[in-house]
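Examination of the molecular architecture
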Amino acid sequence: MHSCCARKIIVWSLCLIFYLSHSILVCGSSPPKHLCRQDQRDALWEFKSEFPLSGMAADEKTQTWRNNSDCCSWDGITCDPKTGNVAELNLWGSSLNGSLRSSSGLFKLQYLHSLNLGSNNLAGILPDFIGDLKYLRVLRLSGCNLFGKLPSSLGNLSDLTVLELDGNGFTGELPVSLGNLKQLTKLLVASSKLSGNFHHALLNLTELTAINLVSNQLEGTLPSNMSSLSKLEYFDIGSNLFSGFVPSSLFMIPSLIHLKLERNHFNSLLEIGNFSSPSKLQTLSLGGNRLSGPIPGFISKLVGLSYLDLSFWDTLRDEVDFSTFLHLKSLTFLDISTLNTRSIVDMSLFSHFESLSLLSLSRNTVKFSSTLHLVSPIGSLALASCNISEFPKFLRTQTSLFNLDISQNQIKGKVPAWLWSLPGLTYVDFSLNSFTGFDGPADVFQRNEISMLDISSNSFQVPFPLLPQSMTFLAASDNQFSGEIPTTICELVSLDVLVLSNNNFSGSIPRCFENFNTKLSILHLRNNSLSGKFPEESVSVALISLDVGRNQLSGELPKSLINCTHLEFLNVEDNMFNDTFPFRLRLLPGLQILVLRSNKFHGSLYSPRSSPSFSKLRIIDISKNLFTGALPLDYFAGWSEMSSGVYTPDNKQKRFIGITFLNYRKSVVLANKGSEREFLEEEGTLNQDKEDEEEDQVLSWIAVAIAYVPGVFCGFIVGHILASYRHDWFKGIFRYFS
C-alpha cells in the first residue's frame with residue numbers, strides 16, 4: 001500500500017517538473033511585454049530628437065534611452081502601471097539645449113501628471129500648447145532661460161497644484177487666467193521680469209500655501225483682503241516695486257509662517273490690535289522699504305519670530321523702544337540697521353537672547369561696555385557706521401563668528417591679535433577707520449582661514465601683513481603702504497580680487513602675479529608709483545576689471561590681454577605706455593570701458609585689416625596721446641552698445657552674497673570745459689568727486705570719437721568733440737561688475 005502511494009507521488013512530481021520546464025521554455029522564447037504604449041514611446045523619442053546631445057555631460061538622462069526598450073524603464077520616466085501612459089517626465093538638469101517647439105513631441109504626452117524640465121537651457125517662449133496637457137498636476141520649469149509672456153493657456157490646467165517657473169526671463173503680467181487654477185497650492189515665479197499688479201483673481205486660489213514672486217518688477221498696491229488666502233504659509237514678494245499700505249489682513253492669516261516684503265516701496269504699516277489666534281509667523285522681513293514712523297508695538301506679540309528684518313525703517317529721528325524686541329526670545333536673525341533714530345542702541349539688550357546668529361545694527365549709534373558678554377553664538381555681526389571709537393572686546397568670546405563688519409567707524413590703533421584666534425572667522429571688513437597696523441607678530445593671522453579681508457581707507461603702514469593662503473578677496477586701497485608690492489601676495493593662489501590702489505607702492509608689477517593666471521578677476525593698482533613694463537605673464541586670463549592708471553608704467557600694453565575674454569573694464573590712464581592703438585582688444589566680447597588717456601600711444605586709429613568691432617564698448621577715452629590720421633565715416637558703425645539709452649548689466653550673481661566686500665571702485669578722468677574731472681563709482685553708479693554737478697553738461701574730449709545724444713549714435717573725426725549728454729544716462733553706465 002505504501003509503495004503504491006510512493007510511486008504515485010513520484011509520477012506526479014515528474015509530471016509537475018516536466019510542465020514547469022515546458023512553461024519556462026515557452027515563456028523564455030517569447031519577447032518581453034512592454035508596459036509603455038507605442039504612441040507614448042514615439043512621442044518621447046521625438047522629444048529627445050529635438051535636443052541634440054553632446055554625449056559629454058554625465059547628467060544627460062536621455063542619452064540612456066533606447067528605442068527598442070520599454071520606455072517606462074527609461075531614466076526620468078514614470079508610467080501609469082494600468083494604462084502604460086507616461087505619467088511623469090522628470091528631466092531636471094539633463095543638459096537639454098534648445099527651445100520648446102509648438103510641435104514638440106512633449107505635447108503628445110497627453111496623460112502627463114508631472115512635468116519637470118527645470119535647470120535646462122530651453123531658451124525661447126513657453127508655447128501655448130502647454131495648456132493642452134490638461135491632466136498636469138505639477139509643472140516645474142525653473143531656471144530654463146524661458147522668456148516672453150506667460151501663456152494664458154496655463155489657466156486651462158485645472159488640476160494643477162504646483163506651478164514652478166522661477167529663474168526665467170518672463171515679461172508682462174501674470175495671466176488673469178491663473179485665477180482658474182482652484183487646486184493650486186504653490187505659485188512660484190521668482191527672479192523673472194514680470195510687471196503689472198498683483199491680480200485680485202489670485203485671491204480666488206484659496207488652496208494656495210506658497211506664493212513666491214520675489215525679484216520681479218511688479219508694482220501697485222496689494223489687495224486689502226489678503227486674508228482670503230486662508231491656507232497661505234509662505235508669501236514672498238521681495239525686491240519688487242509694490243507701494244502703499246502693507247495690508248493688515250496679511251497678519252490675520254492664521255497659517256502664515258513666512259512673510260517677506262523687503263525691498264519694495266511700501267510706505268505704511270498700520271498698528272494691529274489683538275490677534276484672533278496666536279500668530280505662527282516665524283519670518284517677518286520688511287527691510288528696504290519706505291516705511292516710516294514708530295515701529296509698531298504689535299511686533300512684540302509675534303513671539304514665534306526667528307527672523308526679523310526692519311532695516312531702513314525711518315523713525316523720523318524719533319525715539320525707539322528697543323525693549324519691544326525682548327519678547328522675541330526665539331530670534332536667530334535680527335536686522336534693525338538704518339533706523340534714523342536718535343536713540344542709542346545699548347548692546348546689553350542682546351545679552352538676553354540665546355539663539356541670535358545674525359545681528360545687524362549698522363548706521364545706528366551703538367554703545368557697549370568693556371564687560372559686555374553675549375550668550376548667543378553670533379555668526380555674523382554688522383556694526384558699520386555706528387560711531388564706535390574702540391574695538392569691541394566682547395567679540396573675544398564669540399567663537400562662532402564668521403562675518404564681522406565694523407567699517408566706517410572711528411576706531412584707532414592696532415587690530416588686536418586675539419581676533420585671529422576665533423576659529424571660524426572668514427569675512428572681515430575694517431574699512432574706513434583709523435587703524436595703523438596689526439598687533440602681534442607678522443604672521444599673526446597667517447594660520448587663520450580668512451577668505452575676505454577689507455582694510456581699505458585706514459592708515460595701515462609697512463610691514464604688509466602675511467596673509468593666509470585661503471584669501472580670495474583683499475582690499476587694501478587708500479592706506480600708507482610703501483615700497484615694492486610684497487611677493488608674499490603671490491602665495492595667495494586662490495585670490496580672486498586684489499585692490500591696492502591709492503598707496504605709495506613703487507617698483508614693478510611682480511612677475512610672480514603669474515600665479516594668479518586663472519583666478520584673479522579684479523586687479524586694481526591705481527594711483528601708486530609703479531614703474532617698468534607690465535609683464536605679459538602677470539595678466540590673469542580671468543580678469544574682469546584691470547586698473548593700473550596713474551602710475552609710471554612704460555613699454556607696450558601687454559599683448560596677453562587678448563586672452564582676457566571676460567574683461568569689461570580696462571584703465572591705463574596717466575602712465576608712459578608707448579604703443580600703437582590696441583586693435584587686438586576689439587575681439588574682447590565684453591569690453592565696455594577702455595581708457596588710454598595721457599600716455600604715448602601713437603600712430604593711426606584705423607587699419608583696413610583691423611576694423612574695430614568693440615561690440616559692447618560704452619566709454620572710450622584716447623585723449624592726450626599721439627594718434628594721427630583720419631577716420632572713415634563708418635568707423636563707429638559696429639559700436640552699437642553706445643546707442644543704448646539705458647545700461648543693463650549682465651544678470652550675474654553677486655560675487656560675495658550677503659557680505660559688504662565691494663570697496664573697490666572704478667574711475668575715469670574726463671575733460672570737461674577744459675578742466676579734468678574724476679568720476680568715481682559709488683554704490684554701482686558713476687558719480688563726480690565734486691559736488692557742483694550740472695543737470696546737463698558739455699564734454700570736451702580730445703581724440704575721443706564718441707558723442708551721445710538720446711537715441712542717436714554719432715561718430716566723428718579725431719579732434720575736439722563737443723557733445724551734450726544727459727548726466728543720468730552717463731552715471732548709469734558705471735556699475736559694479738558683481
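Criteria and cut-off values
Residues numbered from 1 in each chain as written. Predicted model: local features only at pLDDT ≥ 70, side-chain atom pairs only at ≥ 80, totals over all residues. Heavy atoms only, no water. Helix = DSSP H or I, 4+ residues; strand = E, 2+ residues; numbered from the N terminus. Buried < 20%, exposed > 50% of the residue type's maximum accessible area, 1.4 Å probe, protein only. Contact = heavy atoms within 4.5 Å. Areas by Shrake-Rupley, 256 points an atom, 1.4 Å probe, with all protein chains shown as cover. Phe/Tyr/Trp six-rings, centres within 6.5 Å; stacked < 30°, edge-to-face > 60°. Pairing = 2+ DSSP bridges. Core = buried A, V, L, I, M, F, W, Y, C linked by side-chain atoms within 4.5 Å. Disulfide = S-S within 2.5 Å. Salt bridge = Lys/Arg side-chain N within 4 Å of Asp/Glu carboxyl O.

What follows concerns the overall build of the chain. Tallying secondary structure elements over the chain gives three helices and 48 strands in all. Scored against the burial criterion, the 738 residues of the chain give a buried share of 52%. Considering only contacts in the chain between residues 6 or more positions apart, those separated by 24 or more positions represent 53%. Per element, the accessible surface of the chain, about 32,500 Å² overall, is 52% carbon and sulfur.

Our next topic: the environment of Phe 435. Among the secondary structure elements, Phe 435 is positioned in strand 26 (residues 434–438). Given a relative accessible area of 0%, Phe 435 falls into the buried group. With 44 residues separating them in the primary sequence, Phe 435 and Asn 479 have C-alpha atoms 9.6 Å apart. In this structure Phe 435 touches Phe 391, Ile 406, Ile 411, Lys 412, Gly 413, Lys 414, Val 415, Phe 430, Asn 458, Ser 459 and Phe 460, once residues within four positions along its chain are discounted.

The omega torsion of the bond from Val 462 to Pro 463 falls at 5°, within 30 degrees of zero and hence cis. Take Pro 463: it is sitting in the loop between strand 27 (452–454) and strand 28 (473–475).

A complete count under the given rule lists 32 aromatic pairs for this structure. Pairing Tyr 307 with Phe 333 gives two aromatic rings, centres 3.9 Å apart and planes at 10°, and the pair type is stacked. Of this pair, Tyr 307 sits in strand 17 (residues 307–309) while Phe 333 sits in strand 18 (residues 333–335), and the two are 26 residues apart along the sequence. By relative accessible area, which is 17% here, Phe 333 ends up buried.

Moving on: the sheet that holds strand 4 (residues 124–125). Ordered by their spatial adjacency, three strands build an open sheet running 4-6-8, and the pairing between neighbours is parallel. In the strand order of this sheet, the two ends are held by strand 4 and strand 8 (169–171), each with one partner. Relative to strand 8, strand 6 (residues 146–149) runs parallel, the two being bridged by three bridges. Bridge assignment links Gly 148 to a residue of strand 8, and that residue is Phe 170.

It is characteristic of soluble globular proteins that their nonpolar side chains tend to be buried jointly. Ranked by internal contacts, the top residues of the largest apolar core, which has 185 residues, are Leu 89, Phe 235, Phe 251, Met 347, Phe 350, Trp 420 and Phe 430. Of all the elements in the fold, those that place two or more residues in this core are helix 2 (38–49), strand 1 (77–79), strand 2 (86–90), strand 13 (241–246), strand 15 (265–269) and strand 26. In terms of residue count, the dominant contributor to this core is helix 2 (three residues). Counting seven residues, the second largest nonpolar core, distinct from the first, contains Met 452, Phe 473, Ala 475 and Ile 522.

A few words on the state of the cysteines. Enumeration over the complete set of coordinates arrives at three disulfides. A disulfide bridge connects Cys 36 with Cys 71, and the sulfur atoms are separated by 1.7 Å. Judged by the sign of its S-S torsion, about 75°, the cystine formed by Cys 36 and Cys 71 is right-handed. One end of the pair, Cys 36, is in the loop between helix 1 (2–28) and helix 2; the other, Cys 71, is in the loop between helix 2 and strand 1, with 35 residues separating them in the sequence. For the pair formed by Cys 36 and Cys 71, the shared burial category is buried. There is a disulfide in this structure between Cys 72 and Cys 79, and the S-S distance comes to 2.1 Å. Linking Cys 72 and Cys 79, the disulfide has an S-S dihedral of approximately -95° and is accordingly described as left-handed. The residues Cys 72 and Cys 79 share a single accessibility class, namely buried. Across the chain, the disulfide pattern expressed with sequentially numbered bonded cysteines is 1-2, 3-4, 5-6.

Overall, the coordinates contain 15 salt bridges when judged by the stated rule. Glu 537 is the partner of Arg 511 in a salt bridge, and the nearest nitrogen-oxygen pair spans 2.5 Å. You can see Arg 511 sitting in the loop between strand 31 (504–507) and strand 32 (522–524) and its partner Glu 537 sitting in the loop between strand 33 (529–533) and strand 34 (545–547), a full 26 residues away along the chain. For Asp 574, the salt bridge identified is with Arg 550, shortest N-O distance 3.8 Å. Of this pair, Asp 574 sits in the loop between strand 36 (569–571) and strand 37 (576–577) while Arg 550 sits in the loop between strand 34 and strand 35 (552–555), and the two are 24 residues apart along the sequence. According to the relative accessible area criterion, Asp 574 is partly exposed, its value standing at 26%. The partly exposed category is assigned to Arg 550, whose relative accessible area is 29%. Through salt bridges with shared partners, a single ionic network connects Arg 550, Asp 574, Arg 597 and Asp 621.

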